[in-house]
Amino acid sequence: IRIVTRFVFEVVLHIIYWSTRYTSKEIHNIREIRRSKTYDPPAFRPIVFPSQFPPPRFRPYRIPPPMAAVVSDLVDFLNASPTAFHAVDEAKRLLKAAGFEQLSEREEWSGLQPGRKYFFTRNHSAIVAFAIGAKYVAGNGFHIIGAHTDSPCLKLKPVTKITKGGYLEVGVQTYGGGLWYTWFDRDLTIAGRVLVREKKDGVVSYGHKLVRVQEPIMRIPTLAIHLDRTISSEGLKINNQNHLVPVLGTLIKHEMQKLVEGNVPGESSGGENTKHHPLLLQLIAKEANCEVDEICDFELQLCDTQPSVVAGAMKEFIFSGRLDNLCMSFCSLKALVESTSTDHSLDHESGVRMVALFDHEEVGSDSAQGAGSPAMLDALTRITGCFNHSNSKLLEKAIQRSFLVSADMAHALHPNYMEKHEENHQPKLHGGLVIKHNANQRYATNAVTAFIFREIAERHQLPIQDFVVRNDMACGSTIGPILASGVGIRTVDIGAPQLSMHSIREMCAVDDVNYSYEHLKAYFEEFTELDNKVKVDC
């Protein structure tokens, strides 16, 4: 039976090998030669086993490799997170499902315990999650990954009502440094949060609700080339005030609709109706499941209705908005969740594993929920204080034992603009996480922090890359220098490579998503042991 099984196995392998080594036409030619009278077969033909096969001349890519679960989970996360508020809400769902307990910054944190997992939110647009090691004592370090939840977008103004040329338009303001020309001719909608007045049993309360209109309701149309003959020679010139105004509808259609339907809700004079088109308020109220007059205020932004997808001829890319920086935010969360998923994950951990996702990075981080706020330092202080009953100086000790990975997407080499990258520092898609360096401290990386992060990659045979901006170009920055200088924590700046950063539609590689998750998970699991071997300031 074993001989027959081995024979069948070898026959199948030979068939697979020859079917990929030669085309059907080549196989036909070989058979014709063997049938001819001039063909002289060798006297002895040894059996060739698979290990002895020469490399095939061409092996076609027939079936894409199975997609890593983290990639499909990321796509789901992106599609569920059109705004920072939605991203935090989705993060809360993931953390609660993994056994994390929600805390409130308004309450005492007296009940924290080693081996347990917690999180809190601020403004519902920033979130901090942490898992306390079973061997943690006050003064031990925090192993942190920091990222941000916001992305460049167009946000609705306090007064959005614009009527001109027979059109109903919506006033928006630019947020961050977006590539605004990419927002033209896209199918747009709105999403964000709404402050709603609620009355129950005679008691009035106010709460916020997350809303998202699913169908496309707006568009920013471009000007036809026939009316702008200089665009081919001078390029597209955008006036953000005049040209970035989305069209909601036409005035004549709206007036006709009112006549047909009679008294439309939201058409009464005064109140929010003087600030916003009643049509817009009706759409918002429908999504918030409330009446128009119950809407107190809102924070809404435009977003693309095209969903995030795994794409490319070989399914090797992710096409999506907001990859900067929801990709790093998700990989950080996933790494924390999976590194603490079993009952014994924290048994040998003496530190605290933490993920901090901030808002407003794209506009400088100077807000109560940005990295420039004391949000992270407050968390370190309160956690240390829960386990410190005698020495008030243990926080300073803990900070010097801590480490921050500032995770923000990096610039991949663009094939059409290769001159924009420094010759020896050209991160590639599928090349793994990128360590960012800048001598002028636009990134907080130094030799020690880069070594630690690189060593973790080498231990797990994960690819790693380096990036330095050209000397004749300005360098961007991240939350890394803000937290390094504000808290005094050792920091390395890293990110997955991507193209089209700050476009309404960006792209990255699926391999880099998996590399990012594996690298960050290994960081959580191995930093304590590795850091004990690094001797600096001793």
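Note that this is a predicted model, so its numbers are computed, not measured. (Residues numbered from 1 in each chain as written. Predicted model: local features only at pLDDT ≥ 70, side-chain atom pairs only at ≥ 80, totals over all residues. Heavy atoms only, no water.)

A. Representation of the sheet that holds strand β14 (residues 403-407) in the model. Spatially, nine strands are ordered β1-β2-β3-β13-β4-β14-β18-β16-β17 in an open sheet, and the strand pairing comes out mixed. The sheet terminates laterally at β1 (101-102) and β17 (464-468), the two strands that pair on one side only. Pairing geometry for strand β4 (residues 142-148) and β14, over four bridges, is parallel. When the sheet's bridge partners are listed, Ile144 is paired in β14 with Leu404. Across the sheet, helix α12 (residues 447-459) lies against β14, β16 (433-437), β17 and β18 (490-495), angled at about 55 degrees from β18, the strand it touches most. (Pairing = 2+ DSSP bridges. Helix = DSSP H or I, 4+ residues; strand = E, 2+ residues; numbered from the N terminus. Contact = heavy atoms within 4.5 Å. Axes fitted to C-alpha atoms, helices over the stretch in contact; angles between N-to-C directions.)

B. Region of interest: the packing of α12 against helix α14 (residues 510-531). Contact geometry of α12 with α14 gives a least axis separation of 10 Å together with a crossing angle of 110 degrees. Comparing their axes, α14 and α12 come out roughly perpendicular. As for the relative orientation of α12 and α14, their crossing is right-handed in sense. Contacts between α12 and α14 pair Ile452, Phe453, Glu455, Ile456, Ala457 and Arg459 from the former with His519, Leu520, Ala522, Tyr523, Glu526, Phe527, Glu529, Leu530 and Asp531 from the latter. (Parallel < 35°, antiparallel > 145°, perpendicular 65-115°, else oblique. Left-handed = near helix turned anticlockwise from the far one by under 90°.)

C. Examining the pairing of β17 more closely. Only one face of β17 is covered, namely the face carrying Gln465 and Phe467; the face carrying Ile464, Asp466 and Val468 is uncovered. Chirality of the crossover, the property in question, places the unit of β16, α12 and β17 among those that are right-handed. (Buried < 20%, exposed > 50% of the residue type's maximum accessible area, 1.4 Å probe, protein only. Right-handed = clockwise from strand over helix to strand, strands pointing away.)

D. Fine view of α14. Its 22 residues place the ends of α14 30 Å apart at the C-alpha level, agreeing with the 32 Å of an ideal helix rising 1.5 Å per residue. Within α14, the axis deviates most sharply at Glu525, by approximately 50 degrees. (Expected span 1.5 Å × (residues − 1). Bend = angle between axes of the 7 residues up to and from the residue.)

E. Up close: the nonpolar core. Grouped together as the largest cluster of nonpolar side chains are 57 residues, with contacts concentrated most on Ile318, Val405, Ile494 and Val513. The dominant element in this core, judged by the number of residues it contributes, is helix α9 (residues 323-339), at ten residues. Look past the residues within four positions of Ile318 in its chain and what remains in contact with it is Val71, Leu74, Val75, Leu78, Val309, Val310, Leu323, Glu506, Met507, Cys508, Val510 and Val513. (Core = buried A, V, L, I, M, F, W, Y, C linked by side-chain atoms within 4.5 Å.)

F. Representation of the pattern of salt bridges within the structure. Scanning all chains against the criterion turns up 21 salt bridges. The salt bridge partner of Lys237 is Glu234, with a shortest N-O separation of 3.3 Å. Classification of Lys237 by relative accessible area gives exposed; the value is 57%. We classify Glu234 as partly exposed; its relative accessible area is 46%. Across the salt bridge formed by Asp472 and Arg470, the nearest N and O atoms sit 2.8 Å from each other. Note on Asp472: relative accessible area 56%, which makes it exposed. Overlapping salt bridges, with partners in common, bring together Glu455, Arg459, Glu526, Glu529 and Lys533 in one network. (Salt bridge = Lys/Arg side-chain N within 4 Å of Asp/Glu carboxyl O.)

G. Structural view of the packing of helix α3 (residues 69-79) against α14. Where α3 meets α14, the closest approach of the two axes is 9 Å, and the angle between their N-to-C directions is 100 degrees. Here α14 runs roughly perpendicular to α3, going by the angle between their axes. Where α3 abuts α14, its residues Val70, Val71 and Leu74 lie against Val510, Val513, Asn514 and Tyr517. Looking at side-chain class alone, the contact of α3 with α14 contains six nonpolar, one polar and no charged residues. (Nonpolar A, V, L, I, M, F, W, Y, C, P; charged D, E, K, R; others polar.)

H. Main features of the environment of Ala371. You can see Ala371 is positioned in the loop between β13 (352-358) and α10 (375-387). The class for Ala371 is buried, based on a relative accessible area of 3%. With 225 residues separating them in the primary sequence, Ala371 and Gly146 have C-alpha atoms 8.8 Å apart. Excluding anything up to four places from it in sequence, Ala371 contacts Phe358, Asp359, Ser365, Ile479, Ile482 and Leu483.

I. Seen up close, unusual backbone geometry. Each neighbour pair has its own omega, and for Asp324 with Asn325 the value is 15 degrees, a cis peptide bond. Topologically, Asn325 is positioned in helix α9. Phi is positive for Asn123, close to 65 degrees, though the residue is something other than glycine. Counting through the fold element by element, Asn123 comes out in the loop between β2 (117-122) and β3 (126-132). Accessibility expressed as a relative area gives 30% for Asn123, which makes it partly exposed.

J. Structural context of the confidence of the model for the protein. Averaged over every residue, the pLDDT of the protein is 89; the share at 70 or more is 87%. Long-range and interchain partners of residues 42-64, a stretch whose pLDDT sits below 50, account for 24 contacts in this model, where long-range means more than four residues apart. (pLDDT = per-residue confidence, 0-100.)

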